[in-house]
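Read off the chains here:
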Amino acid sequence: MLQTLAILLVFQSVGEVFSYALRLPVPGPVIGMILLFCWLAIDDRLLAIIQGTTAELLKHLSLLFVPAGVGIMVHGSRIGGEWMPIIVALVLSTWLAIATTALVTRALMRKPPASPSAPSSPSADDAANGAGETR
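Residues numbered from 1 in each chain as written. Predicted model: local features only at pLDDT ≥ 70, side-chain atom pairs only at ≥ 80, totals over all residues. Heavy atoms only, no water.

**Some words on a nonpolar patch on the surface**
- Residues I72, I79, W83, M84, I86, I87, V88, L90, V91 and L92 make up a contiguous nonpolar surface patch of about 910 Å² in total accessible area.
- Here V88 shows up in helix 6 (residues 83–110). (Patch = residues over 30% accessible without salt bridge, like charges linked within 9 Å, V, L, I, M, F, W, Y side chains within 5 Å. Areas by Shrake-Rupley, 256 points an atom, 1.4 Å probe, with all protein chains shown as cover. Salt bridge = Lys/Arg side-chain N within 4 Å of Asp/Glu carboxyl O. Helix = DSSP H or I, 4+ residues; strand = E, 2+ residues; numbered from the N terminus.)

Next comes the structure, spelled out in structure tokens:
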């Protein structure tokens, strides 16, 4: 568990360094998770190390929303003063996420399934027996 948390912290720290050094408008932990994803896509040896602990963390993911809920309650007056941009951002981002999901799903449904071998043509025996005929 400690090794997994250290790995996650290293990726988060590297993300923070990138975000700060390049003056990116993206939070460092987000960049760190993108870097971790890319690392796992290229070399999955870390997966065996972090899989157990991350599965346990995901089981308790709802606890991580408590600070956000407290922040909303503490800054309620500010949210009340800026409700219109918040609603517009929520509606537009939700619409964009749904549209992107629909487009990706449509593209994946059109893609023919990969087959290991080429389609076979009817053999001479099938043609003689009438197996290839449609009625």
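**Brief notes about the packing of helix 1 (residues 2–21) against helix 3 (residues 45–59)**
- Two elements in contact, helix 1 and helix 3, have axes whose closest approach is 9 Å; the angle formed by their N-to-C orientations is 95°. What the angle tells us is that helix 1 and helix 3 run roughly perpendicular. For the pair formed by helix 1 and helix 3, the contact residues are Q3, T4, L5, I7, L8 and F11 on the first element and L46, I49, I50, T53, T54 and L57 on the second.
- Looking at the contact of helix 1 with helix 3, its residues break down into eight nonpolar, four polar and no charged. (Axes fitted to C-alpha atoms, helices over the stretch in contact; angles between N-to-C directions. Parallel < 35°, antiparallel > 145°, perpendicular 65-115°, else oblique. Contact = heavy atoms within 4.5 Å. Nonpolar A, V, L, I, M, F, W, Y, C, P; charged D, E, K, R; others polar.)

**Brief notes about the packing of aromatic side chains**
- Following the criterion strictly, the structure yields one aromatic pair and no others.
- The interplanar angle of 75° and the centroid separation of 6.2 Å between the aromatic rings of F11 and W39 together place this pair among those described as edge-to-face. One end of the pair, F11, is in helix 1; the other, W39, is in helix 2 (residues 28–42), with 28 residues separating them in the sequence.
- On the basis of relative accessible area, F11 is assigned to the buried category, the value being 12%. (Phe/Tyr/Trp six-rings, centres within 6.5 Å; stacked < 30°, edge-to-face > 60°. Buried < 20%, exposed > 50% of the residue type's maximum accessible area, 1.4 Å probe, protein only.)

**Describing the layout of surface pockets**
- Taken as a whole, the largest pocket holds about 300 Å³ of empty space.
- Lining the largest pocket, in full, are L8, M33, L36, I50, T54, E56, L57, L58, H60, L61 and L64.
- Broken down by secondary-structure element, the contributors of at least two residues to the lining of the largest pocket are helix 2 and helix 3.
- Looking at the lining of the largest pocket, the element that brings in the most residues is helix 3, giving five residues.
- For the lining of the largest pocket, the per-class residue count stands at eight nonpolar, two polar and one charged. (1 Å grid on protein atoms, 1.4 Å probe; cavity = no way out; pocket = protein on both sides within 12 Å on 5 of 7 lines; lining within 4 Å. Points joined across faces, edges and corners; volume = space filled by probe spheres on them.)

**Topic: the nonpolar core**
- With six residues, the main nonpolar core is built from I7, L8, F11, L36, L46 and I50.
- For this core, the secondary-structure elements that each account for two or more residues are helix 1 and helix 3.
- With three residues, helix 1 is the single largest residue contributor to this core.
- Setting aside anything within four residues of it in sequence, one finds F11 in contact with G32, L35, L36, W39 and L46. (Core = buried A, V, L, I, M, F, W, Y, C linked by side-chain atoms within 4.5 Å.)

**Focus on the pattern of salt bridges**
- Counted according to the given criterion, the structure contains three salt bridges.
- Note that K59 is salt-bridged to E56, the shortest N-O span being 3.1 Å. With K59 and E56 both in helix 3 and three residues apart, this pair spans about one turn of that helix.
- Of the charged contacts, one joins R78 and E82 as a salt bridge, the two residues approaching to 3.7 Å between their closest N and O atoms.
- The exposure class of R78 is exposed, given its relative accessible area of 56%.
- In this structure E82 comes out as partly exposed when scored by relative accessible area, which is 39%.

**Re the side chain of S19**
- Note on placement: S19 falls in helix 1.
- When residues no more than four places from it in sequence are discounted, the contact partners of S19 are L24, V26, P27, G28 and I31.

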